[in-house]
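These are the residues of each chain, in order.
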Amino acid sequence: MALFTLNINGKKQEVDVDPTTPMLWVLRDHLNLVGTKYGCGIAQCGACTIHLEGTATRACMLPVSAVGNQAITTIEGLSENGDHPVQKAWLEVDVPQCGYCQAGQIMTAAAFLEKNPNPTEEEIEMAMNGNICRCGTYLRIRKAVKMAANS
């Protein structure tokens, strides 16, 4: 075990965990930040997406020892009141069906729009391509990302 001081959602958090522990489990099991979901465990579905220094990153494959002083943002820290443009668009378009993948989808979209605030339909599709929605709400997801970009 080792002691790590992490910058999560703008707050310093200390955890005493094995250095190989994936950030997904640090967030969920040690810090009770359960918005980040476990989907596949091999960084293929996107349910565990967080921001690492503003870049969409799969928490299931990111060992706590690799984080260092980098800022982590989870879905809980994306906005204080759920009023991030992507979150507002998600509600407006009524994207969620079961909701399981939504935190990862929102985090991917938010990081993408931060880097590309005026994307084309093709760029949206490519950016969101790595996030799986088992309910198949891909058309609503793309519509919400476009709406957030235009807000």
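Residues numbered from 1 in each chain as written. Predicted model: local features only at pLDDT ≥ 70, side-chain atom pairs only at ≥ 80, totals over all residues. Heavy atoms only, no water.

The name recorded for the protein in an unreviewed UniProt entry is 2Fe-2S iron-sulfur cluster binding domain-containing protein, from Flagellimonas sediminis.

**Q** Help me out: how do you make sense of helix 2 (residues 85-93) in this one?
**A** Turn by turn, an α-helix covers 3.6 residues, leaving residues three or four places apart pointing in a common direction. Along helix 2, the positions that sit buried rather than exposed are Val-86, Gln-87, Ala-89, Trp-90 and Val-93. For helix 2, the arc enclosing every buried residue in end-on projection is 165°, short of the 170-degree limit, so these residues lie on one face. Facing away from the buried side of helix 2 by more than 90 degrees, the exposed set consists of Lys-88, Leu-91 and Glu-92. The inward-facing, buried residues of helix 2 abut helix 3 (102-115) and helix 5 (138-150). Two residues or fewer after helix 2 comes Asp-94, characterised by a positive phi angle close to 60°. (Buried < 20%, exposed > 50% of the residue type's maximum accessible area, 1.4 Å probe, protein only. Helix = DSSP H or I, 4+ residues; strand = E, 2+ residues; numbered from the N terminus. Arc of directions from axis to C-beta. Contact = heavy atoms within 4.5 Å.)

**Q** It is not clear to me how the packing of aromatic side chains should be interpreted in this structure. Could you clarify?
**A** Geometrically, a pair of aromatic rings is defined through the distance of the ring centres and the angle of the planes. Under the defined criterion, the tally for this structure stands at 1 aromatic pair. For the pair Trp-25 and Tyr-38, a centre-to-centre distance of 5.5 Å together with 35° between the ring planes defines the contact as tilted. With Trp-25 in helix 1 (residues 23-30) and Tyr-38 in the loop between helix 1 and strand 3 (49-52), this residue pair connects regions lying 13 residues apart in the sequence. On the basis of relative accessible area, Trp-25 is assigned to the partly exposed category, the value being 29%. Residue classification places Tyr-38 among the partly exposed residues on the basis of a relative accessible area of 38%. (Phe/Tyr/Trp six-rings, centres within 6.5 Å; stacked < 30°, edge-to-face > 60°.)

**Q** Looking at this structure, how should I read the domain arrangement of the protein?
**A** Note on interface size: it is often stated as the accessible area lost on association of the parts. Domain annotation of the protein identifies domain 1 (2-77) and domain 2 (85-150). A C-alpha centroid distance of 21 Å is found between domain 1 and domain 2. When domain 1 packs against domain 2, close to 1200 Å² is buried across both sides, 57% of that on carbon and sulfur atoms. Among the residues domain 1 hides against domain 2, the three largest losses belong to Cys-45, His-51 and Ile-75. Together they make up 37% of the total. Where domain 1 meets domain 2, there are 0 salt bridges. (Domains from an automatic or database assignment. Buried area = accessible area lost by both parts, 1.4 Å probe. Salt bridge = Lys/Arg side-chain N within 4 Å of Asp/Glu carboxyl O.)

**Q** It is not clear to me how the pairing of strand 3 should be interpreted in this structure. Could you clarify?
**A** The side chains of a regular strand alternate between both faces of the sheet. Residues of strand 3 alternate between two faces, with Thr-49 and His-51 on one and Ile-50 and Leu-52 on the opposite face, all of them buried. Relative to strand 4 (residues 55-58), strand 3 runs antiparallel, the two sharing 4 bridges. Among the inter-strand pairings, Leu-52 is bridged to a residue of strand 4, identified as Thr-55. In sequence, strand 3 turns back onto strand 4 through a hairpin of 2 residues, with Glu-53 there showing a positive phi of about 55°. Two strands pair when backbone bridges link them, and strand 3 and strand 5 (residues 71-73) are joined in this way by 2 bridges, in the antiparallel orientation. In the strand pairing of strand 5, His-51 is matched with Thr-73. (Pairing = 2+ DSSP bridges.)

**Q** Whenever I open this one, the sheet that holds strand 5 confuses me. Can you help?
**A** The strands making up a sheet are joined through hydrogen bonds of the backbone, oriented either antiparallel or parallel. Judged by pairing direction, the sheet is mixed, and its 5 strands sit side by side in the order 2-1-5-3-4 without closing on themselves. Edge strands, defined here as strands with exactly one partner in the open sheet, are strand 2 (11-17) and strand 4. Averaged over all pairs of adjacent strands, the angle between their axes in this sheet comes to 45°, without regard to strand direction. In this structure, strand 1 (residues 2-8) lies alongside strand 5, joined through 2 bridges in parallel fashion. Its bridge partner lying in strand 5, Asn-7 is registered against Ala-71. Sitting on the sheet, helix 3 touches strand 3, strand 4 and strand 5, and the angle it makes with strand 3 is about 35°. (Axes fitted to C-alpha atoms, helices over the stretch in contact; angles between N-to-C directions.)

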